[in-house]
Amino acid sequence: MITRRGALATSLLAGLPGLSAAQSAQVVVGTWGGDYGDLLAGNIDKPLLAPRGTEVIQDVGPQDPRKTKLIAERSARRGSMDVCCLSDVDMFSMAQQGVFEPIDEARVPNLAKAIPSLKRPYSIPHIYSAKVILYNPAKVTAAPQSYADLWDPKYRGKVGLVDILHLQNMETAAIVAGGDHHDYEPGKRKLMELRSLDVKVYPSNEALAAALKSEEVWLSLMWLARGFMWKKSGIPVEAAVPSEGATSICFEMAVPKNARNREGGLGYLNAALDAKAQGPSPTAWAMPRPSPTRPCRPTLPGRSA
């Protein structure tokens, strides 16, 4: 028998987040948007999840506000993201806050196919790459040999950097100035030297891509994978691995503990590791697989690899 009190409780529960069938079919993915968002939509969201009736909503923004959101919502019963995308360093720092669901092959079966050295107990690897020098071969006829080439006065006004890669820019300046992956202090003054060389700083990777395409800038620091993607789209770039070595990077995905659709989030991670989403391009620039003893991640200042 349906009582008045029972009917009222049912109507109230129906309005709560995450309880309706339509809402449970939604997965909110915190990501950078732009090219990366298009990559997710074209390889995961539309071909793999849409046919299953899953609607993916991208929560777009830079990584720092996304990290702040994770911390601010840590004590909330329901968070605003079901999947969080971050680079390995940012993901590691957030994992220390205890905000992510534990990940293993029982919960994400396709994790069994991932490169072992890229596996983490709190996230899955999505893309791994390396920081290289991108350059316009029509303007820079001899491939750059060192990170220090970006400080060469002959390239005044033709070097472009992306603001959101501030950690990588500082690391590069530190290496050029005599520091290393653990000592960034020498890089502060060196990075400021680029101002006297009229370095251009862009707010996003997409803005840098436009500058490279228009030949407003000729050289930059960027991930090898993104450079390959830009080259395929017609932007005149080649990649040079500097003599100092290419710092590795791995972009990862995790599910917050207070996700509204936790199972949907885990399903998204599994789909991201699906062979159809991870299929390699036959013409991709070659990059060696990371070895088990040298995981694909840059090191934090003061933290050993």
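Just so it is clear, the structure is predicted and the values come from calculations on it, not from any experiment.

Q: Quick rundown of the pairing of strand S2 (residues 55-60)? Include the residues and the values.
A: Judged from the six bridges that link them, strand S1 (residues 26-31) and S2 form a sheet pairing that is parallel. Across the sheet, the residue bridging to glutamine 26 is glutamate 55, located in S2. Running through helix H3 (residues 34-49), the crossover from S1 to the neighbouring parallel element S2 is right-handed.

Q: Quick one: what's the story with H3, residue by residue and with numbers?
A: For H3, the principal kink sits at alanine 41 and spans about 45°. Along H3, the residues classified as buried are Tyr36, Gly37, Leu40, Ala41, Ile44, Asp45, Leu48 and Leu49.

Q: Mind laying out unusual backbone geometry, listing which residues take part and the relevant values?
A: Positive phi, normally seen in glycine, also occurs at aspartate 198, with a value near 60°. Mapped onto the elements of the fold, aspartate 198 is located in the loop between helix H7 (185-196) and strand S6 (200-202). Owing to a relative accessible area of 41%, aspartate 198 belongs among the partly exposed residues under this scheme. In the Ramachandran plot, glutamate 215 falls in the positive-phi region, its phi being about 65° despite a non-glycine side chain. Position of glutamate 215 relative to the elements: it lies in the loop between helix H8 (205-213) and strand S7 (219-223).

Q: Residue-level account of the pattern of salt bridges, with values.
A: For the structure on display, the rule yields 14 salt bridges. A salt bridge links glutamate 105 to lysine 119; its shortest N-O distance comes to 3.1 Å. Placement of glutamate 105 in the loop between helix H5 (88-95) and strand S4 (124-135) and of lysine 119 in the loop between H5 and S4 is noted, with a sequence separation of 14 residues between them. Take lysine 119: its relative accessible area is 26%, and that puts it in the partly exposed class. When salt bridges with common partners are traced through the structure, they connect Asp35, Glu206 and Arg226 into a single cluster.

Q: Describe the environment of asparagine 136, naming the residues involved and giving the relevant values.
A: Within the fold, asparagine 136 resides in the loop between S4 and strand S5 (159-162). When the C-alpha positions of asparagine 136 and alanine 239 are compared, they lie 9.0 Å apart, and in sequence the two are 103 residues distant. Setting aside chain neighbours within four positions, we find asparagine 136 in contact with Glu215, Trp218 and Pro236. Within the structure, asparagine 136 has its side chain in polar contact with the backbone nitrogen of alanine 138 (distance 2.9 Å).

Analysis parameters
- Residues numbered from 1 in each chain as written.
- Predicted model: local features only at pLDDT ≥ 70, side-chain atom pairs only at ≥ 80, totals over all residues.
- Heavy atoms only, no water.
- Pairing = 2+ DSSP bridges.
- Helix = DSSP H or I, 4+ residues; strand = E, 2+ residues; numbered from the N terminus.
- Right-handed = clockwise from strand over helix to strand, strands pointing away.
- Bend = angle between axes of the 7 residues up to and from the residue.
- Buried < 20%, exposed > 50% of the residue type's maximum accessible area, 1.4 Å probe, protein only.
- Salt bridge = Lys/Arg side-chain N within 4 Å of Asp/Glu carboxyl O.
- Contact = heavy atoms within 4.5 Å.
- Polar contact = N/O pair within 3.5 Å; in protein donor to acceptor, adjacent residues only side chain to side chain.

By themselves, these are just geometric observations and shouldn't be taken as functional.
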